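Next come the chains, spelled out residue by residue.
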Amino acid sequence: MMITRKALNRRTFLRGAGTAVALPFLDAMTPALTAATKAPVRMAFVYVPNGIDMRHWNPANEGALQELPRILKPMEPFKQDVTLLSNLTHNGGRALLDGAGDHGRCCGGYLSGVQVRKTMVDIKAGISCDQIVANDIGRQTRFPSLEVGLEDARQAGDCDSGYSCAYTNNLAWRGDAQPLPPVLDPRALFERLFGDGANLSPEQKALRSKQRRSILDFVTGDTKALQANLGPTDKRKLDEYLSSIRDIERQLLKAEKDNSQVNPGMDKPYGVPADFAEHFKLMTDMMTVAFQADLTRVMTFLVTREGTSRAYREIGIADGHHPLTHHRNEPEMMEKVAQINTYHVTQFAAWMEKMKSIREGDGNLLDNSMIVYGAGLSDGNRHTHEDLPTMMVGGGGRSMNGGIKGGRRIVYRKETPMSNLFLTMMDRMGTKVDHFGDATGRIEGLDLL
Amino acid sequence: MRSFCFGLVFAAIAAGQSFEQAVQPVLAKNCAGCHQDRLASGGFNATPYMKLASLTQRDDWERIVQRIRTGEMPPKGAPRPSEAEAKALIAFVEAEFTKADKLVKPDPGRVTARRLNRAEYSNTIRDLLGVDFRAERDFPSDDSGHGFDNIGDVLTISPILMEKYLTAAERIAARAIGADPLPKKPLEFEYHTKDKNIRRPNKSSIEATHRVEWEAEYVIRIGLPGERAAGAPPVKMGLWMDGKLLTTKMVETKPSGLVYFNPYSAEELRLELPEGDHTFRVGFIDDEFVKGLSDKDAYSDKRNKFLNSITFVGPFAAKGERASRKKLLICDPKLAGCSTKILTALARRAYRRPVTRAEVAALDRFVTLAKADGQSAEQGIQLAVQAMLVSPHFLFRIERDPASGVVHPISDLDLASRLSYFLWSSMPDEQLLALAEAKQLRAQLDTQIKRMLKDVKAVSLADNFAGQWLETRNLDQVKPDPKKFPEWSPDLRDAMKTETRMFFQTLLQENRPLTEFLDANYTFLNDRLAAHYGIPGVDGPEFRRVTFATNERGGILSHASVLTVSSYPTRTSPVIRGKYVLQNILGTPPPPPPPDVPALDEEKVGNAGSLRQQMEAHRSSPTCASCHSRMDVLGFGLENYDGTGKWRTKEGKFEIDASGTMPGGKSFQTPAEMRTILKDNAPEFSRCLTEKMLTYALGRGLERYDRKAIEEINQRVIGSGYRFETLILEIAHSLPFLERRGELPKQVSTKTESASR
């Protein structure tokens, strides 16, 4: 829950030992936003690595959802918000002529529908659909988009068969060669969204913002002068720098203008919890507030990295995730993979529960969201890129006209590009794009029937 | 680089054959069926490649050769060339490439503008301002390429990183100068067990995370309820911040005799704390008394004296002036012209070059700006420092080209930065900068390098270069299964890191032969690691040099750090270890497995036979055998070391068989014998190390045109008896390190797949 200075008396900003006092989630404290305008539609992509055991993912039938298969079981209470999309393919994840490296390839290009360049150095993917939307509507919120993850980048060694680690460390791409790293530390996410907790008076805050902007002006001037004499490669590096500066300038202006501080209703977390579920919950709690307070409308969530060997001792699994997925039909190993898949969905379901519990207008936050939960591989053992596990949760603006019906499974024609889904979602966000990735058109069935 | 090595091996076989004999027939017979003219499967048409002249299309040909070599093409079911035919084709093409390479004009390549990575940022802040800042805790991870995280092309900037740069600059500038006034009255923050904002890691310590808002002195008050039995000895209380012991104090625990109920005492410590979020821990050191107490008794004030609160009172102005401030404020900022003086001196060091008047004037405007907002001149300087720290001149290392497209020596100033970031992961010091400004650096290159290697800052080569080359940085991420490896602990992990770090440091500092990486009969141990290795006679937590009494161990391939990062959480993996040796020691990484070939079935361990038996069965498949015969033999040679590097002679119920025969025919029975064979490959090892270190030194991937420089460096290293210092000196004297190719303004970078090989 959040409150803004506009909506609530300042006395509610009880400040203890440098941290905000936790407040319960109360509907009365929602921001001025809901009263004034229709709630916006939010979009998020949740990515899990190493494929999913499809035997326990796909229901037997098309159409209305009956009892959910094992891995999806945790979603049972929100079945009516779930749309399962079958037979979507990411062709760019396949080798085509590039040989081995399915893990390296399938994440970096997942949201852009392209095949990433096979290289360790001069990386090239494509702008991802979340960023296309962020470029379009991001100006309306303090953060055009948020990138979140739970697993730190590998610190040494190579990633997969000649692919740069940038492809597996990042889900969102702002441009061909500019990945957006996920925030992993709950403390860092907290400070980004809700401020660093410094006790500043409004005057001090205004002065800080003004001084920050003068610094940004200064370095912008510096950079432009510097760029004049550089070759194109170095120039490109400084372009990345400049575009990041512009983003922050906009953020500062936005923050000055609405002059509101969001109170997340939680204490500032310290460090990364060792327990996976706790880490997941901390991050998604803050993501929920960010959506609710309209700090952003676009998010990507890289749960863990493609090819990760993370062990899940929390549920008694000591072997690494990736080695387990190469199970060669050993029942014991396949069982463990299914357990990990289910464990992930369990955490995700808890997040969805939270989203659904937050009232917004006549409905709830989830009604006004499109959350895609999916993976860039279906069978992690054989590295297949067709019939990718894809679950859409939320009404996509149900309180308005033409929301998503949910409660069913849609089976598309084989080899339907994943890009078609993303193109359709961009439409729903109000971002009109003519061409995207390998899209051949829109997909049907994502409207209220 | 790999294709180059193959070229040498096979050149002899090809001798005497022509293109029409060795290449053309294979293409016509085995490729053209699918890849010809209109039926150009996968967009590849073989026809243009049936002429000798087509070999100039190097990238295409490297791909063709790569596919034939890995057996990826022709695919299963299609007619394949015989092994001899394939080898002859590869050998011919590679020999032609080698010939062509000799004619190529020397090209130093070009390095893309590099932003500082996290380690470089932290070190530079330390050396520039004397502030201890840990970027790895705050900034997003740096992506890496070619195994290193200092590669210009891969080091990108995102809005989130920019945000971090901005806030870091604020904090760092404030800590360095401390111009912001302290609050008039000290504040008090209490952490108490009854408020549940304190943690109890064990019965005699408490821990709380506290944000220190001002770099200043604080009084830390510790609440100690209870008392111990009469005659209980005093105990030593320690205060740690972020794991570092700051101070200790002796504390009485026996009854004071002054109170009859709720006994309680408090201890106070006064010390200077750095700004930022910190974890504070207070506890009794070597507290024997609590060991016998139950949980209930441990927190009973009748039975025990324990800890239950930490209170921070402050800030108080520090007595002495902080060192960073003294160094920066070289005159009184209130006086006219002083800020210009200060900023000129600092900007020169921050930008690692002399600065122009206009640049200083632009920085000086922040002083005017701050004053206009009612702040002091010192605060204005602080603001200017902030601006410097987010300037591209500070964050990026940009090398200038005088005339585009032309090969030219880099400037002395750029050379100073190349050297300092190579050897220190930090900015040039005054001596380097002054020499560069006087254009004297090249003349004194060797003297300067030798001086730099003696400096304590050279330890960053062990941390940043060796930590990534040997992958020991991954020790922080691996999680050995506590059921299989109950002895695994943070202490053991840290000891493993220290061993490899000290070993690398010693080889470098003592200028020892690089071959000691392969077979040194000594290492660095403390009691913890010695116990892990089963080596007697090492007492105490401090590390010392230990010479091995047996030949169980020798060189880095028997370091627990290396053996742990190349294992699965539950067991060893001969494949991963074999790949590790090929990639990091011999410099011949195996090609990735071709698609559709299942990864090796090494998961069924313990059911039907030993891991080894099962893997050998798997290797009967010819597609797998070509690579695994090279890879696995090296991994099996290390099977005497378990998943955390402990010595063993059995794996479950099976005897360890660590014998093997290398593809060249040499065979071994024990890890020691394998080391001897690896040492016979010393030239390959030092070439591999040359490639890795040159990549790291340049901050770019190596290209075909670098092969000549690599060979030259390696020959000199070999000639010197593999001296470590020779490697460093020769890298610094090499063409790619000293020179640079310009870039035409509109020329698009045309790096190809070769960059990834």
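Residues numbered from 1 in each chain as written. Chains lettered and ligands numbered in written order. Predicted model: local features only at pLDDT ≥ 70, side-chain atom pairs only at ≥ 80, totals over all residues.

**Quick notes on the sheet that holds strand E13 (residues 390-393) of chain A**
Residues and elements named next belong to chain A. Read from one edge to the other, the open sheet built from 8 strands follows the order E2-E14-E3-E13-E12-E1-E7-E4, with strand pairing classed as mixed. In the strand order of this sheet, the two ends are held by strand E2 (63-64) and strand E4 (146-149), each with one partner. On top of the sheet, helix H8 (residues 276-292) reaches strand E1 (42-47), E4, strand E7 (298-302) and strand E12 (369-374); it is set at about 165° to E4, its chief contact. (Pairing = 2+ DSSP bridges. Helix = DSSP H or I, 4+ residues; strand = E, 2+ residues; numbered from the N terminus. Contact = placed C-beta atoms within 7 Å. Axes fitted to C-alpha atoms, helices over the stretch in contact; angles between N-to-C directions.)

**Let's talk about the sheet that holds strand E5 (residues 199-202) of chain B**
Backbone hydrogen bonds are what pair the strands of a sheet, in a parallel or an antiparallel way. Residue and element names in this part refer to chain B. Read from one edge of the open sheet, 5 strands run E5-E6-E11-E8-E9, paired in antiparallel fashion. Of all the strands in the sheet, the pair left with one neighbour each is E5 and strand E9 (244-251). In this sheet, adjacent strand axes meet at a mean angle of 25° when their direction is disregarded. As paired elements, strand E8 (residues 235-241) and E9 share 7 bridges and run antiparallel to each other. From the neighbouring strand, Leu 239 faces E9, where its bridge partner is Thr 247.

**So, the confidence of the model for chain A**
Overall, the prediction assigns chain A a mean pLDDT of 85, with 87% of residues at 70 or greater. Below pLDDT 50 for its whole length, residues 1-36 of chain A participates in 59 contacts with residues either more than four positions away or in separate chains. (pLDDT = per-residue confidence, 0-100.)

**What about the environment of A:Phe291?**
All names here are of chain A. Checked against the element boundaries, Phe 291 lands in helix H8. Residue class for Phe 291 comes out buried when judged on the 27 C-beta atoms lying within 10 Å of it. Each C-alpha atom, one on Phe 291 and one on Ser 369, is 9.0 Å from the other, the two residues being 78 residues apart in sequence. Those residues in contact with Phe 291 that lie beyond four places of it in its chain are Arg 42, Leu 365 and Ser 369. (Buried ≥ 20, exposed ≤ 12 C-beta atoms within 10 Å, placed from the backbone.)

**Regarding unusual backbone geometry**
Cis rather than trans, the peptide bond between B:Gly314 and B:Pro315 has omega equal to 5°. When you line up the elements, B:Pro315 lands in strand E12 (residues 309-316). Of note in this structure, A:Glu415 is not a glycine but carries a positive phi near 70°. For B:Lys439, which is not glycine, the phi torsion reads 55° and is therefore positive. Mapped onto the secondary structure, B:Lys439 falls in the loop between helix H16 (430-437) and helix H17 (445-454). Assessed through the 11 C-beta atoms surrounding it within 10 Å, B:Lys439 is described here as exposed.

**Here we look at the packing of helix H5 (residues 186-194) of chain A against H8(A)**
Residue and element names in this part refer to chain A. It is the contact of H5 with H8, at a shortest axis distance of 10 Å, that shows an interaxial angle of 15°. For the element pair H5 / H8, the angle class is roughly parallel. For the crossing formed where H5 meets H8, the hand is left-handed. Residue-level contacts link Pro 186, Leu 189, Phe 190 and Leu 193 of H5 to Leu 282, Met 283, Met 286 and Ala 290 of H8. Tallied by class, residues from the contact of H5 with H8 come to 8 nonpolar, no polar and no charged. (Parallel < 35°, antiparallel > 145°, perpendicular 65-115°, else oblique. Left-handed = near helix turned anticlockwise from the far one by under 90°. Nonpolar A, V, L, I, M, F, W, Y, C, P; charged D, E, K, R; others polar.)

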